[in-house]
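Coordinate analysis (summary)
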Amino acid sequence: MAISGNKEKKTFDTGDLKVPVSLGVIMDGNGRWATQRHLPRTAGHKVGAENLKELCRNCVGYGVKYLTVYAFSTENWSRPKGEVDQLMKLFVELFDKYDPELAEQGIRVRFSGDDSELPQKVRDVCRTAEERSKDRPNMQLIVALNYGGRREILSSCKKIAEQVKAGEIEPSDITEKMLSDNMYLPDVPDPELIIRPSGEMRLSNFLLWESAYSEFWVSDILWPDFGYEELTKAFRDFALRDRRFGGLSKKESKK
Ligand code: FPP
């Protein structure tokens, strides 16, 4: 399918590539993108947010069903107050502003993280965005906001500890599945692929539990410049990965 009117010629042809059902993206490099252009870091976040719309269009085009993006980590509060305030302002403004386009693309919006520390205005916008989009069928956009993988695991453990305390289960009954079932969004499949632009090779506390067997793909392109071509490259490389999940490759196990 060729999409006209875009600067890049897009064909969502999946011939030699593999599209993950569940994809994670660490939107990194906004600050560097802005600094390279002698702009304030917040200008990078604005362009980065615009690029999230582009990523959504491309993921819907390719048929991704769950897209989880890292928008603000539990550690990002340590940034200068001005930058944190600007990011919160962006979250308040953009989910309303982007909604017509998200609706047109059939995208359901959900949030993952500890919302108790977010400003009330941000929480309200998040709840509204979730509520009005809940019946959209094409893709779920999960925005990790005040998200930390360790905090998510801790929160799951605390919920299970309450069940032990109430005498509903014994500590020896606790299983990996119970931990998974008590994560923030247990119905969202673990990401098969995690993409990190901007060249850094770490998870930075993103989806620690869920990424146990995710494939990791890193690009030197900074997030605001990460477009259709890079995404297509990632899906092409993903098709070549031999996912063994601790076992043997298909070829080996036939021997
Ligand atoms: C990391 O780049 C980026 C962030 C901490 C913010 C990501 C947020 C957005 C892209 C806006 C999302 C908007 C919505 C509406 C969800 P960095 O600042 O760490 O970049 P650097 O490593 O180059 O300094």
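To keep things clear, this report deals only with the structure shown in the data block.

Calculation rules
Residues numbered from 1 in each chain as written. Predicted model: local features only at pLDDT ≥ 70, side-chain atom pairs only at ≥ 80, totals over all residues. Heavy atoms only, no water. Helix = DSSP H or I, 4+ residues; strand = E, 2+ residues; numbered from the N terminus. Buried < 20%, exposed > 50% of the residue type's maximum accessible area, 1.4 Å probe, protein only. Contact = heavy atoms within 4.5 Å. Expected span 1.5 Å × (residues − 1). Arc of directions from axis to C-beta. Pairing = 2+ DSSP bridges. Salt bridge = Lys/Arg side-chain N within 4 Å of Asp/Glu carboxyl O. Axes fitted to C-alpha atoms, helices over the stretch in contact; angles between N-to-C directions. Near = heavy atom within 4 Å. Polar contact = N/O pair within 3.5 Å; in protein donor to acceptor, adjacent residues only side chain to side chain. Areas by Shrake-Rupley, 256 points an atom, 1.4 Å probe, with all protein chains shown as cover.

1. Quick notes on the side chain of asparagine 51
Among the secondary structure elements, asparagine 51 is positioned in helix H2 (residues 41–62). Under the relative-accessibility criterion, asparagine 51 is labelled buried at 8%. Once residues within four sequence positions are removed from consideration, asparagine 51 is found in contact with Trp223, Pro224 and Phe226.

2. Remarks on helix H5 (residues 149–165)
An α-helical turn contains 3.6 residues, so a residue and the one three or four places further along point in the same direction. Taking 1.5 Å per residue, 17 residues should reach 24 Å; H5 reaches 24 Å between its end C-alpha atoms and fits that length. The set of residues buried in H5 consists of Gly149, Glu152, Ser155, Ser156 and Ile160. Along the axis of H5, the buried positions cluster into a sector of 130 degrees, meaning they face one direction only. Facing away from the buried side of H5 by more than 90 degrees, the exposed set consists of Arg150, Lys158 and Lys165. If you follow the buried residues of H5, they end up packed against strand S6 (139–147) and helix H6 (176–181). The positive-phi residue at the C-terminal boundary of H5 is glycine 167, with phi of around 80 degrees.

3. Considerations on helix H7 (residues 228–240)
Its 13 residues give H7 an end-to-end C-alpha distance of 19 Å, which sits within 8% of 18 Å, the value for a rise of 1.5 Å per residue. All buried positions along H7 are accounted for by Tyr228, Glu230, Leu231, Thr232, Ala234, Phe235 and Phe238. In the core, the buried residues of H7 are packed alongside strand S2 (10–11), strand S3 (22–26), H2, strand S7 (193–196) and strand S8 (215–218).

4. With respect to the pairing of strand S5 (residues 107–112)
Counting buried positions over the six residues of S5 gives five, a clear majority of the element. Looking at chain direction, S5 and S6 are connected through six bridges and run parallel. Residue arginine 110 lies in a different strand from S6, and its bridge partner there is isoleucine 142.

5. A closer look at the environment of proline 191
Position of proline 191 among the secondary structure elements: in the loop between H6 and S7. Assessed through its relative accessible area of 6%, proline 191 is described here as buried. For the pair proline 191 and glycine 24, spaced 167 residues apart in sequence, the C-alpha to C-alpha distance is 5.9 Å. In this structure proline 191 touches Ser22, Leu23, Gly24, Leu207, Glu210 and Ser214, once residues within four positions along its chain are discounted.

6. Quick notes on unusual backbone geometry
Here the phi dihedral of asparagine 205 falls at roughly 70 degrees; this positive angle occurs in a residue that is not glycine. As for its position among the elements, asparagine 205 is in the loop between S7 and S8. Assessed through its relative accessible area of 14%, asparagine 205 is described here as buried. The backbone of leucine 207 shows a phi angle near 45 degrees, a positive value even though the residue is not glycine. Mapped onto the elements, leucine 207 comes out in the loop between S7 and S8. Relative accessible area serves as the criterion here: at 8%, leucine 207 is assigned to the buried category.

7. Some remarks on the pattern of salt bridges
Close approach of charged atoms lets side chains of opposite charge pair. Tallied over the entire structure, the rule returns 27 salt bridges. Measuring nitrogen to oxygen at the nearest pair gives 2.8 Å for the salt bridge that ties arginine 127 to aspartate 115. Remark: aspartate 115 occurs in the loop between S5 and helix H4 (120–133) and arginine 127 occurs in helix H4; sequence separation between them is 12 residues. Exposure remark for arginine 127: the relative accessible area of 36% places this residue in the partly exposed category. With a relative accessible area of 28%, aspartate 115 lands in the partly exposed category. Lysine 177 serves as the salt-bridge partner of aspartate 181, at 2.7 Å between the closest nitrogen and oxygen. One end of the pair, aspartate 181, and the other, lysine 177, are both in helix H6, four residues apart, so they sit about a helical turn from each other.

8. Thoughts on the sheet that holds S6
If you trace the six strands from one edge of the open sheet to the other, you get S5-S6-S4-S3-S7-S8, paired in parallel fashion. Since the sheet does not close on itself, it has two edges, and those belong to S5 and S8, each with one partner. With direction set aside, neighbouring strand axes in the sheet form an average angle of 20 degrees.

9. Here we look at the site of the ligand
In the vicinity of the ligand, 17 residues are found, and the nearest of them are Asp28, Gly31, Arg32, Arg41 and Arg79. Interatomic distance of 3.3 Å between a backbone N/O atom of glycine 29 and an oxygen atom of the ligand. Summarising the interface, the protein chains cover 92% of the accessible area of the ligand, which totals 620 Å² for the free molecule. Of all elements in the fold, only helix H1 (30–36), H2 and helix H3 (81–104) reach the threshold of two or more residues within the shell around the ligand. Considering each element in turn, the shell around the ligand owes the most residues, five residues, to H2.

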